[in-house]
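# Observations on chain architecture
These are the residues of each chain, in order.
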Amino acid sequence: MSDSYTPTPADKFTFGLWTVGNPGRDPFGEPTRQPLSAPSIVERLAGLGAYGVNLHDNDLVPIDAAAAERDRLVREFKQALSDHGLVVPMATTNLFTDPAFKDGAFTSADARVRAYALHKTMLSMDLGHELGAQTYVFWGGREGTEVDAGGKLLDALSWFRDSLNFLAEYSRSQGYNYRFALEPKPNEPRGDIFLPTVGSALGFIATLDQPDLFGLNPEFAHETMAGLSFPHAVAQVIDAGKLFHIDLNDQKPGRFDQDLRFGAENLKTAFFLVKLLEDTGYDGPRHFDAHALRTEDEGGVWAFARGCMRTYLILREKARQWGEDAEIQAALAAYRVEDEELQGLTGKFSPENARALKRRSFDREMLGRRGPGLEQLDQLTVELLLGVRGGTSTASQPETEVTT
Ligand code: GCO
Ligand code: MN
Ligand code: MN
């Protein structure tokens, strides 16, 4: 079946080898699906219209693989990429599965673990570069604590900073020129993960030696787990010029890390997110960091992958309709009150502006009485999402009644 919501590589949808390759293991149960080889994932994703595939070093090469085995796996993967026209825009390091990292990688209190984490990351950066990756993600899954009796909170930040500075220099010295994207998460697998939210990561980047090389890879589920709004977080990342990559999925607040299909849970939030990305011209990959439900067989995995991309495209179409809907645009225009004279006074400080503003009297009661029309605007949005506001023209749509 092919319709206007069928993705093409121009839509820049990517998946991780670990996402569609997720075999359905959870802390309480064994895998429910057979592992899929990397070349077979590439073939299937290409068939569905994806643009690329991302990976951790050990998604492709087992941690204890001998050199010949590594070379064979990389060769076969590269062959599949070129056969099927998929790219690898992003690479990252698995610094969380091996027991060596159980108390952190870059923030371990054991200097030998910190050194091993650098060693492993440099090798993984070599691999990513070989595959053509231009963005390198740091998700500090084990960088955190369950108990703070170790007293390392400030040391951990400084070890983390030293490691990122070291790796940025490594990238430059090798001519890799990666852009680095930090991916914050509040918890899971650690009780508390360092740099838990988008805001924390943005603040930390400002303390690095080469802050311009670092941006963010915010994830829908991670801010949602913290009870925060993902569109608000992403807006702040865009405002800071730091949206280097994005992880899309879905999540119920207050639950374990669910990694649900994009749009499966918070449709309206997903809509405003897609609208934000499209309105601001984000042109990086739309990466789905999610996996099929544990209940599913392989058919369910591909239904999941197709569903993530279709929902994004449907929401993109809805965002376009929203922008062209006359009634919505009228409600929006009414919501935003412009006043050229006052905006002239408040836009930039000058002693004259300050004096003029202080002299000015305001009709505070009138300002407090004004209804901005958000109920109507939001209801129009809901109706558009529910499909009862039709296509591009709103001429034949019934007017929503406004009661005053
Ligand atoms: C998670 C994270 C990871 C990272 C991945 C790439 O919650 O497990 O989202 O999936 O995104 O390690 O950096
Ligand atoms: Mn995640
Ligand atoms: Mn992620």
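Remember, predicted model here, so these are calculated numbers, not experimental data. Throughout this document, residue positions are counted from 1 along each chain, in the order its sequence is written. Lettering of chains starts at A and numbering of ligands starts at 1, both following the order in which they are written. Only residues with pLDDT of at least 70 are given local features in this predicted model, and only at 80 or more are side-chain atom pairs given and counted; all residues enter the totals for whole chains, interfaces and linings. Note: side-chain values were computed over all heavy atoms of the structure, leaving out hydrogens and water.

## Remarks on the side chain of Q251
Mapped onto the elements of the fold, Q251 is located in the loop between β9 (247-248) and α10 (267-279). In this structure Q251 comes out as buried when scored by relative accessible area, which is 0%. At 2.8 Å, the side chain of Q251 and the backbone oxygen of F256 are in polar contact. We call two residues contacting when some pair of their heavy atoms lies within 4.5 Å. When residues no more than four places from it in sequence are discounted, the contact partners of Q251 are A221, T224, M225, F256, D257, Q258, D259, L260, E265 and N266. Strands are runs of DSSP state E lasting at least 2 residues, helices are runs of H or I lasting at least 4, and numbering of each runs from the N terminus. Only protein chains enter the area calculation, which uses a 1.4 Å probe; residues under 20% of their type maximum are buried, those over 50% are exposed, and those in between are partly exposed. Throughout this description, a polar contact denotes any pair of N or O atoms lying within 3.5 Å of each other; where both atoms belong to protein, one of them has to be capable of donating a hydrogen while the other can accept it, and for residues adjacent in sequence the pair is counted only when both atoms sit in side chains.

## Description of the nonpolar core
Buried residues of nine kinds, namely Ala, Val, Leu, Ile, Met, Phe, Trp, Tyr and Cys, make up a nonpolar core once their side-chain atoms join them within 4.5 Å. If you look at the biggest cluster of nonpolar residues, it comprises 86 residues, and the most contacted ones within it are F15, F77 and F262. When residues of this core are assigned to their parent elements, the largest contribution, eleven residues, is made by helix α11 (residues 298-324). Three or more residues apiece are contributed to this core by two domains, here domain 1 (9-322) and domain 2 (326-385). Excluding residues within four positions of it along the chain, F262 makes contact with F220, L248, N249, A270, L273, V274, F288, C308, T311, Y312 and L315. The domain boundaries here were taken from an automatic or database domain assignment.

## Side note on the UniProt feature "active site" (unreviewed entry) in the chain
As annotated in UniProt, the feature "active site" (unreviewed entry) corresponds to H56 and D59 in the numbering used here. Along the chain, H56 turns up in strand β2 (residues 52-56). When sequence neighbours within four positions are dropped, the list of residues in contact with H56 reads W18, T92, T93, N94 and F96. Here D59 shows up in helix α3 (residues 57-60). Setting aside anything within four residues of it in sequence, one finds D59 in contact with L17 and W18. Of the polar contacts made by the side chain of D59, one reaches the backbone nitrogen of H56; its length is 2.8 Å. UniProt positions are given in the numbering used here, feature names are shortened, and annotations may be inferred rather than shown by experiment.

## Digging into the packing of aromatic side chains
In this description, an aromatic ring pair is defined by two values, namely the gap between the centres and the angle between the planes. When the centres of two rings from Phe, Tyr and Trp lie within 6.5 Å, Trp using its six-membered ring, the rings pair. Their planes under 30 degrees apart give stacked, over 60 give edge-to-face, and anything left gives tilted. Taken as a whole, this structure holds 21 aromatic pairs when the rule is applied. Their ring planes at 85 degrees and their centres at 6.0 Å tell us that Y170 and Y176 sit as a pair that is edge-to-face. With a relative accessible area of 14%, Y170 lands in the buried category. Of the residues examined, Y176 reaches a relative accessible area of 13% and is grouped as buried. Ring geometry for F220 versus F230: centroids 5.2 Å apart, planes at 40 degrees, classification tilted. Of this pair, F220 sits in helix α8 (residues 220-225) while F230 sits in helix α9 (residues 230-239), and the two are ten residues apart along the sequence. Here F220 matches F230 in class, with each residue buried. Counting every residue linked through ring pairs, the aromatic cluster contains F106, Y136, F138, F160, Y170, Y176, Y178, F180, F204 and F214. Both a distance and an angle decide whether a charge sits over a ring: NZ of Lys or CZ of Arg must be within 6 Å of the ring centre and within 35 degrees of the ring normal. If you follow R114 out to its NZ or CZ, it ends over the ring of W159, 3.9 Å from the centre. For R179, the ring lying beneath its charged end belongs to F244, and the centroid distance is 3.8 Å.

## Overview of the UniProt feature "binding site: Mg(2+) 1" (unreviewed entry) in the chain
When the UniProt feature table is mapped to this numbering, "binding site: Mg(2+) 1" (unreviewed entry) covers E183, E219, D247 and D289. Taking the farthest pair of C-alpha atoms as the criterion, the annotated set spanning 107 residues converges on one region, since that pair is 11.7 Å apart. With respect to the helices, strands and loops of the structure, E219 is situated in the loop between β8 (214-216) and α8. Exposure remark for D247: the relative accessible area of 1% places this residue in the buried category. Beyond its immediate sequence surroundings of up to four residues, D247 is in contact with E183, N217, P218, E219, F220, F230, H287 and D289.

## Some remarks on the site of ligand 1
Taken together, 13 residues are adjacent to ligand 1, and H56, E183, K185, E219 and D289 come closest. Within the side chain of W18, one N or O atom sits 3.3 Å away from an oxygen atom of ligand 1. The contact in question runs from an oxygen atom of ligand 1 to an N or O atom on the side chain of D289, over 2.7 Å. Throughout, the Shrake-Rupley method with a 1.4 Å probe supplies accessible areas, and for residues the shown protein chains are the sole cover considered. Protein contacts shield 93% of the accessible area of ligand 1, which totals 340 Å² for the unbound molecule. By convention in this text, a residue qualifies as near a molecule or strand provided that one of its non-hydrogen atoms is within 4 Å of it.

## Structural notes on the coordination of the manganese ion (ligand 3)
Metal donors: N, O and S atoms at distances within 2.8 Å, or within 3.2 Å for Na, K and Ca, with water omitted from the atom set so that some sites may seem incomplete. Taken together, the protein donors to the manganese ion (ligand 3) comprise E183 (OE), E219 (OE), D247 (OD) and D289 (OD), at separations of 2.0 to 2.2 Å. Only two sets of limits are used to name each site, 85 to 135 degrees for every angle of a tetrahedral four-donor site, and over 155 degrees for opposite donors with all other angles from 65 to 115 for a square planar four-donor or octahedral six-donor site, with any other site named irregular. Each of the six donor atoms bound to the manganese ion (ligand 3) contributes to angles spanning 83 to 177 degrees, and the resulting shape is octahedral. Exposure remark for E183: the relative accessible area of 9% places this residue in the buried category. Overall, the relative accessible area of 1% leaves E219 in the buried class.

## A word on the coordination of the manganese ion (ligand 2)
At this site the manganese ion (ligand 2) is bound by E219 (OE) and H222 (NE2), with donor distances of 2.1 to 2.3 Å. Separating the manganese ion (ligand 2) from the manganese ion (ligand 3) is a distance of 3.7 Å, and E219 supplies a donor atom to each of them. By relative accessible area, H222 is classed as buried at 3%.

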